[in-house]
Amino acid sequence: MKCCKCDAEMFTANLTGNALHALILTQTKKSIWDADKRCGVICHVCPDCGYIELYADKPKAIKP
């Protein structure tokens, strides 16, 4: 994937929330009986300018 800022080739990297858990997206629960809706995050990084793009890996999993 090419960087939209400088046209360099971007690479995929891990984006970590803390030492125990990777960064995740969550959807707010409507009630206490609803299950959490979660999906991971894919991170693309430009090695030249540092631009970062984030994508949900399974966006339908958190759809309201």
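Above this note sits the structure.
Residues numbered from 1 in each chain as written. Predicted model: local features only at pLDDT ≥ 70, side-chain atom pairs only at ≥ 80, totals over all residues. Heavy atoms only, no water.

1. Concerning the overall build of the protein chain
Looking only at helices and strands, one finds 0 helices and 4 strands in the protein chain. Helices and strands appear in the protein chain in the N-to-C order β-β-β-β. Residues counted as buried form 19% of the 64 residues belonging to the protein chain. For the protein chain, the exposed surface amounts to about 5,100 Å²; the carbon and sulfur share of it is 55%. (Helix = DSSP H or I, 4+ residues; strand = E, 2+ residues; numbered from the N terminus. Buried < 20%, exposed > 50% of the residue type's maximum accessible area, 1.4 Å probe, protein only. Areas by Shrake-Rupley, 256 points an atom, 1.4 Å probe, with all protein chains shown as cover.)

2. Here we look at the pattern of salt bridges
The full count for this structure, using the stated rule, is 1 salt bridge. Note that Lys2 and Glu9 form a salt bridge whose closest N and O atoms lie 3.8 Å from each other. (Salt bridge = Lys/Arg side-chain N within 4 Å of Asp/Glu carboxyl O.)

3. A word on a nonpolar patch on the surface
Taken together, the side chains of Leu15, Leu23, Ile52 and Leu54 present a nonpolar region at the surface, about 310 Å² in accessible area. Mapped onto the fold, Leu15 is located in the loop between strand 1 (11-13) and strand 2 (24-27). Residue Leu15 is classed as partly exposed on the basis of its relative accessible area of 30%. (Patch = residues over 30% accessible without salt bridge, like charges linked within 9 Å, V, L, I, M, F, W, Y side chains within 5 Å.)

Distances and angles like these do not, on their own, reveal function.
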